[in-house]
2 protein chains.
Amino acid sequence: MQHRVDHEQRRRKLVDALWRLAETRGLDGVGMREIAKEAGVSLGQLQHYFSGKEELLLVALTQNGERAGARVRQRLQDLGGRATPYRIIRTSLQEMLPLDRESRAGLLVHLAYLSRAVHDDQLRAITKDATTPLAALFADQLRRAAEDGDLAADRNPETEAGLLICLAEGLTNYVLLDVYTAEVAQSMLDDYLATLFTPAARSGHDQ
Amino acid sequence: MQHRVDHEQRRRKLVDALWRLAETRGLDGVGMREIAKEAGVSLGQLQHYFSGKEELLLVALTQNGERAGARVRQRLQDLGGRATPYRIIRTSLQEMLPLDRESRAGLLVHLAYLSRAVHDDQLRAITKDATTPLAALFADQLRRAAEDGDLAADRNPETEAGLLICLAEGLTNYVLLDVYTAEVAQSMLDDYLATLFTPAARSGHDQ
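Residues numbered from 1 in each chain as written. Chains lettered and ligands numbered in written order. Predicted model: local features only at pLDDT ≥ 70, side-chain atom pairs only at ≥ 80, totals over all residues. Heavy atoms only, no water.

Caption draft 1: Structural context of the relation of the copies chain B and chain A. Overlay of chain B on chain A (RMSD 0.1 Å): rotation 180°, translation along the axis 0.0 Å. Within this description, the copies of the chain are treated as partners about a two-fold rotation axis. No C-alpha of chain B lies nearer the rotation axis than that of Gly170 of chain B, which sits 2.1 Å from it. (Least-squares fit on C-alpha atoms with pLDDT ≥ 70 in both.)

This is the structure we're talking about:
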């Protein structure tokens, strides 16, 4: 048992090194040697736990998804009875933007993975698997809003769900590239939601 | 003079090797050695022309911008007298998506550059420099549409210009990751434009 705990702790320490590299210098061109150095272990020790950079990236991506999911769940729980479609969608989208250090680091891992995934079937499947339930959640909430008369009349819930996800992805790129500040991105998102939901659906909500 | 032509031809051949690598296996983890091999020259010969991968990427990015700009200009010229704000914006956005092999290759170079640019001031400035005039063009056209009563009443031209660029960027990522086909992305973009422009502004236009 003790042995198992040690193993998990060691793996965590190595993945943490990858996270730090993602934040500080980016993962492009970073090999196993640099990751081992950052973690303060030998290349052989690193390779004992992870077959290569791909496996480390996969673990980091999975962790990222779990952390982001936990953050969204916590924030939705905080909403309690005030969890309207508008609030649920706004809260989820905000968590997709690099608005704080943790989400920024997560999105840098995502970015490093992006350029690899284009040429790797297995990696590419991860985004698809993550996007489908998110798009379904958004579409559900938008349908609920439409039933309550809270959605702008000309919008289709399924299409809007996909557009919102793409918009958050694009905004994220531009925040990471310093084209927009996090505040501007957040306000652009709010401007968009203001055309998507009726004023009544947004009234009394934290802007 | 002959010498100068040879020099330019050689540089072009080396950049072409980078383009091929971007298309076939991606640029992540690709070093000068692989680029030299792809171009069929020695590492020393490659280094004679380019100081490193960053410089090659910069040249490829500049070429990419020039090619994309030329494609848009050609398509806008083809529109001739039919160049309404709706058509100008739709045409430009379509050219930002990976709808054919050339634009896909260009966007793969963009993606490779993206994860580097986050940690590199000089590279980051390029996106900013490219985004500002594009956002200004879109805002101009949207203002023109608003004056003609062709823009949905609740939209702000400046905000919409930025949102459209982010949307195209996000859609591009999802097409490159096979979450959406090029056709679906194009139709999502059209759905978006259908809520942005009045039906009158779009009527009689190629859908």
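More follows now that the structure is in view.
Caption draft 2: A look at the packing of helix H6 (residues 101–117) of chain B against helix H8 (residues 157–176) of chain B. All names here are of chain B. Where H6 contacts H8, the axes come no closer than 11 Å and their chain directions differ by 105°. With respect to each other, H6 and H8 are oriented roughly perpendicular. Taken together, the residues of H8 that come into contact with H6 (itself represented by Arg104, Leu107, Leu108, His110, Leu111 and Leu114) are Glu169, Thr172, Asn173 and Leu176. The residue inventory of the contact of H6 with H8, partitioned by class, reads five nonpolar, three polar and two charged. (Axes fitted to C-alpha atoms, helices over the stretch in contact; angles between N-to-C directions. Helix = DSSP H or I, 4+ residues; strand = E, 2+ residues; numbered from the N terminus. Parallel < 35°, antiparallel > 145°, perpendicular 65-115°, else oblique. Contact = heavy atoms within 4.5 Å. Nonpolar A, V, L, I, M, F, W, Y, C, P; charged D, E, K, R; others polar.)

Caption draft 3: Examining the interface of chain B and chain A more closely. On the side of chain A, 44 residues touch chain B, which itself brings 44 residues to the contact. Contact between chain B and chain A buries roughly 4,100 Å² in total, counting both sides, with carbon and sulfur atoms accounting for 65%. At the junction of chain B with chain A, the criterion picks out two salt bridges. When the shortest N-O distance is used, the salt bridge between Asp178 of chain B and Arg124 of chain A registers 3.0 Å. Applying the counting rule to chain B against chain A returns 12 residue pairs in polar contact (both at pLDDT 80 or more). When contributions to the side of chain B that touches chain A are tallied by element, the ones reaching two or more residues are helix H1 (2–24), H6, helix H7 (121–147), H8 and helix H9 (182–196) of chain B. Top contributing element to the side of chain B that touches chain A by residue count: H8 of chain B, with 12 residues. In the side of chain B that touches chain A, the residues fall into 20 nonpolar, 11 polar and 13 charged. (Buried area = accessible area lost by both parts, 1.4 Å probe. Salt bridge = Lys/Arg side-chain N within 4 Å of Asp/Glu carboxyl O. Polar contact = N/O pair within 3.5 Å; in protein donor to acceptor, adjacent residues only side chain to side chain.)

Caption draft 4: Quick look at the pattern of salt bridges. Residue and element names in this part refer to chain A. If you walk through the whole model with that rule in mind, you get 28 salt bridges over all chains. Here Glu102 makes a salt bridge to Arg71, at a shortest N to O gap of 3.0 Å. Of this pair, Glu102 sits in helix H6 (residues 101–117) while Arg71 sits in helix H4 (residues 53–79), and the two are 31 residues apart along the sequence. Notably, a salt bridge pairs Arg124 with Asp121, separated by 2.8 Å at the nearest N-O pair. In this pair, Arg124 and Asp121 both sit in helix H7 (residues 121–147), three residues apart, roughly one turn of the helix. The structure contains a network of salt bridges with shared partners spanning Arg71, Arg75, Glu95 and Glu102.

Caption draft 5: View of H7 of chain B. A rise of 1.5 Å per residue sets the reference length of H7 of chain B, with its 27 residues, at 39 Å; its end C-alpha atoms lie 39 Å apart and thus fit the reference within 8%. Within the span of H7 of chain B, buried status applies to Leu123, Arg124, Thr127, Thr131, Ala135, Phe138, Ala139, Gln141, Leu142 and Ala145 of chain B. Considering only its buried residues, H7 of chain B is in contact with helix H8 (157–176) of chain A together with helix H4 (53–79), helix H5 (85–96), H6, H8 and H9 of chain B. Regarding H7 of chain B, its N-cap is Asp120 of chain B, as a side-chain oxygen of that residue lies 2.9 Å from the backbone nitrogen of Gln122 of chain B further along. (Expected span 1.5 Å × (residues − 1). Buried < 20%, exposed > 50% of the residue type's maximum accessible area, 1.4 Å probe, protein only.)

Caption draft 6: Fine view of the packing of aromatic side chains. All names here are of chain A. Following the criterion strictly, the structure yields five aromatic pairs over all chains and no others. An angle of 75° between the planes, with centres 5.3 Å apart, marks the rings of Tyr86 and Phe197 as edge-to-face. One end of the pair, Tyr86, is in helix H5 (residues 85–96); the other, Phe197, is in the loop between helix H9 (182–196) and helix H10 (199–202), and 111 residues separate them in sequence. Exposure class is identical for Tyr86 and Phe197. Each is buried. Seen from the ring of Trp19, Arg67 lies directly overhead, with NZ or CZ sitting 4.5 Å from the centre. (Phe/Tyr/Trp six-rings, centres within 6.5 Å; stacked < 30°, edge-to-face > 60°. Lys NZ or Arg CZ within 6 Å of the ring centre and 35° of its normal.)

Caption draft 7: Layout of the UniProt feature "domain: HTH tetR-type" (unreviewed entry) in chain A. Under the present numbering, the feature "domain: HTH tetR-type" (unreviewed entry) in UniProt falls on residues 8–68 of chain A. For the annotated span residues 8–68 of chain A, helix accounts for 79% and strand for 0% of the residues, and the straight-line distance between the end C-alpha atoms is 21 Å. (UniProt positions renumbered as here; feature names shortened; annotations may be inferred.)

Caption draft 8: Just the environment of Ala68 of chain B, in detail. Residues and elements named next belong to chain B. By secondary structure assignment, the location of Ala68 is in helix H4. Given the relative accessible area of 22%, Ala68 is considered partly exposed. As a C-alpha pair, Ala68 and Glu54 span 14 residues in sequence and 21 Å in three-dimensional space.

Caption draft 9: Broad picture of the domain arrangement of chain A. Residue and element names in this part refer to chain A. Here the domain parsing of chain A yields domain 1 (1–50) and domain 2 (53–202). Just the C-alpha atoms count here: the centres of domain 1 and domain 2 sit 29 Å apart. Opposite the 16 residues of domain 1 that make contact, domain 2 presents 15 residues. Contact between domain 1 and domain 2 buries roughly 1,400 Å² in total, counting both sides, with carbon and sulfur atoms accounting for 70%. The tally of links between domain 1 and domain 2 comes to two salt bridges. Put simply, Glu23 and Arg101 hold a salt bridge, and the shortest N to O gap is 3.0 Å. Our count for the domain 1 to domain 2 interface comes out at four residue pairs in polar contact (both at pLDDT 80 or more). Looking at the side of domain 1 that touches domain 2, the elements with two or more residues in it are helix H1 (2–24), helix H2 (32–39) and helix H3 (43–49). No other element matches H1, which puts eight residues into the side of domain 1 that touches domain 2. (Domains from an automatic or database assignment.)

Caption draft 10: Just the environment of Cys166 of chain A, in detail. Relative to the elements of secondary structure, Cys166 of chain A occurs in helix H8. Note on Cys166 of chain A: relative accessible area 0%, which makes it buried. When neighbours within four sequence positions are excluded, Cys166 of chain A is seen to be in contact with Cys166, Leu167, Gly170, Leu171, Tyr174, Tyr180 and Met188 of chain B.

Caption draft 11: Quick peek at unusual backbone geometry. Residue Asp178 of chain A is not a glycine yet carries a positive backbone phi of 65°. The class for Asp178 of chain A is partly exposed, based on a relative accessible area of 35%.

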